[in-house]
Amino acid sequence: SRIINDYAKAKYFMGDMKGAMELFEKAMKIPGADISPEIKANTWYTMGMLYYDKGELEESVKYFHQVIDILKDSPNKAMLPEILNNLAIVSQKKKDFKKATKYLNESLKYNQEIRNMREMAISYENLGKNDYRNNKVSEAIQNFKNSLEINGSRGDTVAMIRNFNDLGTISSKTGDIN
């Protein structure tokens, strides 16, 4: 099943979504296959991304929640923040900013737990964007500044430019970046 899973990922990255989906589903249905939780989580994650890329948001959400169910009791929670960020993006596309905030705060919590500074900065950045869309300017500014501080400590100049751009956008529209 791992070989089929890897082949399906190759098809996905080559743009053959239909072929990838068929292979992923086949890999998960092999009788007696010993599929580790991590492989299952990776498979469901990629399936969620396939549906997301096709614009089938509700279907992608189902797969992302399956990944959360698999990983929430696992000692390896490294993938959870990314899944939660994806759920937040889907919620934003559906204009459910309250749910997006919930997912982003959960993502931030896991990133803080596992000390993933890069993803923590991304969580703050995404929270800032979500807050700005909700006219929560002071919260947005603080989240962008938190992201900027982390990115600065990591020396990630590309991410810092994004943060400065976000702060500049707020400043140009509101006159405020305090």
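Structural notes, computed from the coordinates. (Residues numbered from 1 in each chain as written. Predicted model: local features only at pLDDT ≥ 70, side-chain atom pairs only at ≥ 80, totals over all residues. Heavy atoms only, no water.)

## Comments concerning the nonpolar core
Working step 1: Ranked by size, the top nonpolar core spans 37 residues in total, and within it Tyr45, Met47, Leu50, Val67, Met79, Ile83 and Leu87 carry the most contacts.
Working step 2: Among all residues touching methionine 47, those that are not within four sequence positions of it are Met21, Phe24, Glu25 and Tyr63. (Core = buried A, V, L, I, M, F, W, Y, C linked by side-chain atoms within 4.5 Å. Buried < 20%, exposed > 50% of the residue type's maximum accessible area, 1.4 Å probe, protein only. Contact = heavy atoms within 4.5 Å.)

## Re the packing of helix α4 (residues 57–71) against helix α5 (residues 80–93)
Working step 1: Between α4 and α5, the least distance of the axes is 10 Å, while the angle of their chain directions is 155 degrees. Put simply, α4 runs roughly antiparallel to α5. Crossing geometry of α4 relative to α5 is assigned as left-handed. Along the contact surface, α4 presents Leu57, Ser60, Val61, Phe64, His65, Val67, Ile68 and Leu71, while α5 presents Leu80, Ile83, Leu84, Asn86, Leu87, Val90 and Lys93. (Axes fitted to C-alpha atoms, helices over the stretch in contact; angles between N-to-C directions. Helix = DSSP H or I, 4+ residues; strand = E, 2+ residues; numbered from the N terminus. Parallel < 35°, antiparallel > 145°, perpendicular 65-115°, else oblique. Left-handed = near helix turned anticlockwise from the far one by under 90°.)

## Digging into the pattern of salt bridges
Working step 1: A complete count under the given rule lists 9 salt bridges for this structure.
Working step 2: For lysine 94, the salt bridge goes to glutamate 58, with nearest N and O atoms at 2.3 Å. Pair noted here: lysine 94 is in the loop between α5 and α6 (97–114) and glutamate 58 is in helix α4, with a separation of 36 residues, a long-range link.
Working step 3: The exposure class of glutamate 58 is partly exposed, given its relative accessible area of 45%.
Working step 4: Between arginine 162 and glutamate 125 there is a salt bridge, and its shortest N-O distance comes to 2.8 Å. With arginine 162 in helix α9 (residues 157–174) and glutamate 125 in helix α7 (residues 117–133), this pair connects stretches of sequence that are 37 residues apart.
Working step 5: Classification of arginine 162 by relative accessible area gives partly exposed; the value is 35%.
Working step 6: Relative accessible area serves as the criterion here: at 4%, glutamate 125 is assigned to the buried category.
Working step 7: Each of Glu125, Lys129 and Arg162 takes part in one network of salt bridges that share partners. (Salt bridge = Lys/Arg side-chain N within 4 Å of Asp/Glu carboxyl O.)

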